[in-house]
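Each chain, letter by letter, is given below.
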Amino acid sequence: MPEFTEKYDASGLNCPLPILRSKKALNGLDSGDVLYIVSTDSGSVKDFDAFCKQTGNELLESSEAEGKFHFYIKKN
Amino acid sequence: MSDKKLAIIATKGTLDWAYPPFILASTAAALGYETQIFFTFYGLQLLKKNLKLEVSPLGNPGMPMPMAMDKWFPVIGTAIPGMQAIMTMMMKQKMKAKGVASVEDLREMCLEAEVKMIACQMTVDLFDMDSSEFIDGIDYAGATTFFEFAGDSDVNLFV
């Protein structure tokens, strides 16, 4: 698991809130920092991938464990 | 990152149809799109300070009803007084339970992300509405102003 600067728990939230709130959290970070996001929205797997492709942030890891989805995003 | 643009025309004033413009605009803004929404006719309801949006099962055969009511409940039953209020309450409860944002929250996120909102001046006049009924920070203009931005946009949506 990558090291992270900040964690954001989006459990229980539905589209588009996990993306919107994560974007907000990223705004508060510096370039190179890593945001760790936990989500329960199954749609967010494809959405975080698409978010990173479109914004240039790097998706270091995307995984599923115990019914939750875990994302590590490195800010560009 | 991106310097893309999204232009949306919002024409509907019900609780269910309030979602597409605000979800798309807030998401696009998060992706770096410069975004504008032009609110016309019933879409102006989405700009009111106090949102009183409802959802109606009337004339909407695609709407899933609780307890499979749509299977046995006669269509005319959806016109019973109070039905709209009940369906609106149930829809709001369901949305909250599923972690879906409220329309107010999504609109707030759009404003925070500098989504530009334009109220159609013609419709405001037509319905004798007053700008004091609407939220602050919006513009009042016409179709020409919409095209100034839309003509230069990558994505144009009519909702």
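Residues numbered from 1 in each chain as written. Chains lettered and ligands numbered in written order. Predicted model: local features only at pLDDT ≥ 70, side-chain atom pairs only at ≥ 80, totals over all residues.

Novice: Sorry if this is basic, but what is going on with the overall build of chain A here?
Specialist: A count of helical and extended segments in chain A gives two helices and four strands. Starting at the N terminus and ending at the C terminus, chain A contains elements arranged as β-α-β-α-β-β. The C-alpha atoms of chain A give 11 Å as radius of gyration, which agrees with the globular expectation for 76 residues (11 Å, within 12%). Summarising its shape, the C-alpha atoms of chain A cover approximately 30 × 25 × 20 Å along the three principal directions. Nonlocal contacts in chain A, meaning residues at least 24 apart in sequence, comprise 59% of its contacts between residues at least 6 apart. (Helix = DSSP H or I, 4+ residues; strand = E, 2+ residues; numbered from the N terminus. Rg over C-alpha atoms; globule rule 2.2 N^0.38 Å. Contact = placed C-beta atoms within 7 Å.)

Novice: I tried to follow the sheet that holds strand β2 (residues 34–39) of chain A on my own but got confused; where do I start?
Specialist: Two orientations exist for strands paired in a sheet by backbone hydrogen bonds: parallel and antiparallel. Residues and elements named next belong to chain A. Pairing within the open sheet is mixed, and its four strands lie in the order β1-β2-β4-β3. With partners counted over all chains shown, the strands left at the sheet margins are β1 (6–10) and β3 (58–65), one partner each. Strand-to-strand twist of the sheet, defined as the mean angle between neighbouring strand axes without regard to direction, takes the value 15°. As paired strands, β1 and β2 are joined by five bridges and run parallel to one another. Looking across to β2, one finds that Lys-7 is bridged to Tyr-36. (Pairing = 2+ DSSP bridges. Axes fitted to C-alpha atoms, helices over the stretch in contact; angles between N-to-C directions.)

Novice: How should unusual backbone geometry be read in this particular structure?
Specialist: Residues and elements named next belong to chain A. Following Cys-15, the chain continues into Pro-16 via a peptide bond in cis, with omega recorded as 0°. Inspection of the secondary structure assignment puts Pro-16 in the loop between β1 and α1 (17–27). You will see that Glu-66, though not glycine, has its phi angle at about 50°, which is positive. Position of Glu-66 relative to the elements: it lies in the loop between β3 and β4 (68–74).

Novice: Would you explain the sheet that holds strand β4 (residues 139–141) of chain B in this entry?
Specialist: Residue and element names in this part refer to chain B. Here we have five strands laid out as an open sheet, ordered β4-β3-β2-β1-β5, and parallel in their pairing. In this open sheet, the two edge strands, each paired with only one partner strand, are β4 and β5 (155–158). Strand-to-strand twist of the sheet, defined as the mean angle between neighbouring strand axes without regard to direction, takes the value 20°. Strand direction decides the pairing type here: strand β1 (residues 5–10) and strand β2 (residues 34–39), joined by six bridges, are parallel. Residue pairing across strands places Ile-9 opposite Phe-38, the latter belonging to β2. The sheet contacts of helix α6 (residues 143–150) involve β1, β2, β3 (116–120), β4 and β5, and relative to β1 the element is tilted by about 150°.

Novice: Would you mind showing me how to read helix α1 (residues 15–30) of chain B here?
Specialist: An α-helix turns once per 3.6 residues; consequently, residues spaced three or four apart project the same way. Along its 16 residues, α1(B) runs 23 Å from first to last C-alpha, staying within 8% of the 22 Å computed at 1.5 Å per residue. For α1(B), the tally of buried residues reaches twelve of 16 residues, placing the bulk of the element in the interior. Three or more residues of α1(B) are buried, namely Leu15(B), Ala18(B), Pro21(B), Phe22(B), Ile23(B), Leu24(B), Ala25(B), Ser26(B), Thr27(B), Ala28(B), Ala29(B) and Ala30(B). Those residues of α1(B) that are buried are in contact with α1 of chain A together with β1, β2, α3 (83–97), α4 (103–112) and β5 of chain B. (Expected span 1.5 Å × (residues − 1). Buried ≥ 20, exposed ≤ 12 C-beta atoms within 10 Å, placed from the backbone.)

Novice: Hey, could you run me through the pairing of β1(B) in this one?
Specialist: Every regular strand shows the same layout, with side chains that alternate between the two sheet faces. All names here are of chain B. Of all six residues making up β1, five are buried, and the element is well covered by its neighbours. What joins β1 to β2 is α1, and the crossover it makes is right-handed. As defined by bridge partners, β1 adjoins β5 across four bridges and the pair is classed as parallel. For Ala-7, the partnering residue across the bridge sits in β5 and is Asn-156. (Right-handed = clockwise from strand over helix to strand, strands pointing away.)

Novice: Sorry if this is basic, but what is going on with helix α2 (residues 44–55) of chain A here?
Specialist: Residue and element names in this part refer to chain A. With twelve residues, α2 should reach 16 Å at 1.5 Å per residue; the first-to-last C-alpha distance of 16 Å fits that figure. The set of residues buried in α2 consists of Ser-44, Phe-48 and Phe-51. Burial along α2 is one-sided: seen end-on, the buried residues are contained in an arc of 60°. Residues Lys-46 and Lys-53 are exposed on α2 and point more than 90 degrees away from its buried face. Turning to α2, the residues buried within the fold contact α1, β2, β3 and β4. Following α2 by one or two positions, Gly-56 has its phi on the positive side, about 85°. (Arc of directions from axis to C-beta.)

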